[in-house]
Amino acid sequence: MKTILVFKTSITKKREVRFVTPFLNKLLTKTDYWNFDLEDCDNILRVETQNAKAITIASLFHHLGFYCEELQ
């Protein structure tokens, strides 16, 4: 069963999305799905996953120098 995680991020540009893409793809499995909504004021990252944890994704972004907070 997949879980949907939604995050507020500081990602604002497509080049930033391209930068984090290999890191997200390595963290998630091939059956997981993620996308950014850069038109949203919170620069939303939406992740559909079976195994990844929100804290792991947020920590990855913080390590890469970006803000990332799970929305409840």
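Residue positions are counted from 1 within each chain, in the order its sequence is given. This being a predicted model, a pLDDT of at least 70 is required before a residue's local features are given, and a value of 80 or more before pairs of side-chain atoms are given or counted; all residues contribute to the totals for chains, interfaces and linings. Water and hydrogen atoms were dropped before computing side-chain values, which therefore reflect all heavy atoms in the structure.

S.K.: What should I look at first to understand the nonpolar core in this one?
M.R.: Taken as a class, soluble globular proteins show a tendency for nonpolar side chains to be buried jointly. Here, nonpolar core means buried Ala, Val, Leu, Ile, Met, Phe, Trp, Tyr and Cys residues that are tied together by side-chain atoms lying within 4.5 Å of each other. Whether a residue is buried, partly exposed or exposed follows from its accessible area with a 1.4 Å probe, protein chains only, as a fraction of its type maximum: under 20%, in between, or over 50%, in that order. With 20 residues, the main nonpolar core has Leu-24, Phe-36, Leu-45 and Phe-61 as its most contacted residues. Among the elements of the structure, β1 (3–9), α1 (14–27), β2 (33–37), β3 (44–49) and α2 (54–63) are those that each provide at least two residues to this core. In terms of residue count, the dominant contributor to this core is α2 (five residues). Two residues form a contact once any of their heavy atoms are found within 4.5 Å. Here Phe-36 is in contact with Thr-9, Ile-11, Val-17, Val-20, Leu-24, Asn-43, Ile-44, Leu-45 and Phe-61, once residues within four sequence places are set aside. Secondary structure is summarised from DSSP: a helix means a run of H or I of at least four residues, a strand means a run of E of at least two, and numbering begins at the N terminus for each.

S.K.: Any chance you could explain the pattern of salt bridges here in plain terms?
M.R.: A side chain of one charge can pair with a side chain of the opposite charge when the charged atoms of the two come close. Take a side-chain nitrogen of Lys or Arg and a carboxyl oxygen of Asp or Glu: if they are within 4 Å of each other, that pair is a salt bridge. All told, the structure shown has two salt bridges when counted by the stated rule. For the salt bridge of Asp-42 with Lys-8, the shortest nitrogen-to-oxygen distance reads 3.7 Å. Taken as a pair, Asp-42 in the loop between β2 and β3 and Lys-8 in strand β1 lie far apart in primary sequence, 34 residues in all. The class of Asp-42 is partly exposed, set by a relative accessible area of 22%. Accessibility expressed as a relative area gives 31% for Lys-8, which makes it partly exposed.

S.K.: So what exactly am I meant to see when it comes to the sheet that holds β2 here?
M.R.: Strand pairing in a sheet takes place through backbone hydrogen bonds and is either antiparallel or parallel in direction. When DSSP locates at least two bridges between a pair of strands, those strands are taken to pair. The sheet built from four strands is open, its strands ordered β2-β3-β1-β4 with antiparallel pairing. Two strands close off the open sheet at either side, each with one partner strand: β2 and β4 (68–70). On average, each strand axis in the sheet is inclined to that of its neighbour by 25°, with strand direction left out of account. When β1 meets β4, the two strands line up antiparallel, connected through three bridges. Following the sheet pairing, Thr-9 is matched in β4 by Cys-68. The convention used is that axes are lines fitted to C-alpha atoms, helices contributing only their stretch in contact, and that angles between N-to-C directions extend from 0 to 180 degrees.

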